[in-house]
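Structural description and commentary
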Amino acid sequence: GEIYRGLNIVGTYTFIDAEVLQSNDGNQGKTPIQIPKQNASVWLDYALPWVSGLRLAGGLRYTGERWNDAANTFKEAGYTLTDLAIIYDKASWRFALNLNNVFNKEYYAGRAYGEYAKGEEFTALGSVKYRF
């Protein structure tokens, strides 16, 4: 929604109460591995009034703690990441620079069965689009 002229906000929240319904290894009633109970995000987007077509945006992404094993004995901590964007629209053209994990936070996106999946490091992505 628009909270102020030119300033928009988008927010999401997800709650997942996942449960193993059948299991041959005694894990019935447990939470499946790497499924966070909670995810949330908030994104602000501001159209600069003094430069037509220029927008600045930023937001936070939260992923809650997850189980690393099927028996639910070892949890991976939740994490929050910060993202930023600069967008410029001119006629049919769009130029954008997206910055993900701005503070280069170290975290594990997944850790299960003795393997580790390191989370995304700071990433900058530029794009140019033309709309027909």
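Above: the structure in question.
Computed from a predicted structure; not experimentally measured. (Residues numbered from 1 in each chain as written. Predicted model: local features only at pLDDT ≥ 70, side-chain atom pairs only at ≥ 80, totals over all residues. Heavy atoms only, no water.)

There is a patch of nonpolar side chains on the surface, built from Trp93, Phe95, Val128, Tyr130 and Phe132 and spanning about 620 Å² of accessible area. Secondary structure elements with two or more residues in the nonpolar patch: strand E8 (93–100) and strand E11 (123–130). With respect to the secondary-structure elements, Tyr130 resides in strand E11. Look at Tyr130 and you get partly exposed, because its relative accessible area is 40%. (Patch = residues over 30% accessible without salt bridge, like charges linked within 9 Å, V, L, I, M, F, W, Y side chains within 5 Å. Areas by Shrake-Rupley, 256 points an atom, 1.4 Å probe, with all protein chains shown as cover. Salt bridge = Lys/Arg side-chain N within 4 Å of Asp/Glu carboxyl O. Helix = DSSP H or I, 4+ residues; strand = E, 2+ residues; numbered from the N terminus. Buried < 20%, exposed > 50% of the residue type's maximum accessible area, 1.4 Å probe, protein only.)

This brings us to the pattern of salt bridges. Throughout the structure, instances matching the rule amount to 10 salt bridges. Ionic pairing is found between Lys75 and Glu65, a salt bridge with its closest N-O pair at 2.6 Å. One end of the pair, Lys75, is in strand E6 (residues 75–76); the other, Glu65, is in the loop between strand E4 (54–63) and strand E5 (66–67), with 10 residues separating them in the sequence. Judged by relative accessible area, which is 42%, Glu65 ranks as partly exposed. Between Arg94 and Asp89 there is a salt bridge, with the nearest N and O atoms lying 2.7 Å from each other.

Considering the arrangement of structural elements, one finds Ser41 in strand E3 (residues 38–47). Separated by 83 residues in sequence, Ser41 and Ala124 have C-alpha atoms that sit 19 Å apart. In this structure Ser41 touches Val10, Gly11, Thr12, Leu60 and Arg61, once residues within four positions along its chain are discounted. (Contact = heavy atoms within 4.5 Å.)

Turning next to the side chain of Asp45. In this structure, Asp45 sits in strand E3. A distance of 3.0 Å separates the side chain of Asp45 from the side chain of Arg55, its partner in a polar contact. The contact partners of Asp45, leaving out residues within four places of it in the chain, are Gly6, Leu7, Asn8, Arg55, Leu56 and Ala57. (Polar contact = N/O pair within 3.5 Å; in protein donor to acceptor, adjacent residues only side chain to side chain.)

Bringing the layout of surface pockets into the picture now. Quantified by volume, the largest pocket comes out at close to 160 Å³. For the largest pocket, the full set of lining residues is Thr31, Ile35, Lys37, Gln38, Tyr62, Gly64, Glu65, Arg66, Trp67 and Lys75. Split by residue class, the lining of the largest pocket holds three nonpolar, three polar and four charged. (1 Å grid on protein atoms, 1.4 Å probe; cavity = no way out; pocket = protein on both sides within 12 Å on 5 of 7 lines; lining within 4 Å. Points joined across faces, edges and corners; volume = space filled by probe spheres on them. Nonpolar A, V, L, I, M, F, W, Y, C, P; charged D, E, K, R; others polar.)

Under the definition given, this model contains one cavity of 30 Å³ or more. One number sums up the size of the largest cavity: a volume of about 40 Å³. Together, Asn101, Asn104, Lys105, Glu106, Tyr107, Lys118, Gly119, Glu120 and Glu121 line the largest cavity. Its residues placed into classes, the lining of the largest cavity shows one nonpolar, three polar and five charged.

Attention now moves to unusual backbone geometry. Despite not being glycine, Asn72 shows a phi value in the positive range, around 60 degrees. Note that Asn72 resides in the loop between E5 and E6. Its identity is not glycine, yet Ala91 carries a phi of approximately 55 degrees, on the positive side. Overall, the relative accessible area of 73% leaves Ala91 in the exposed class.

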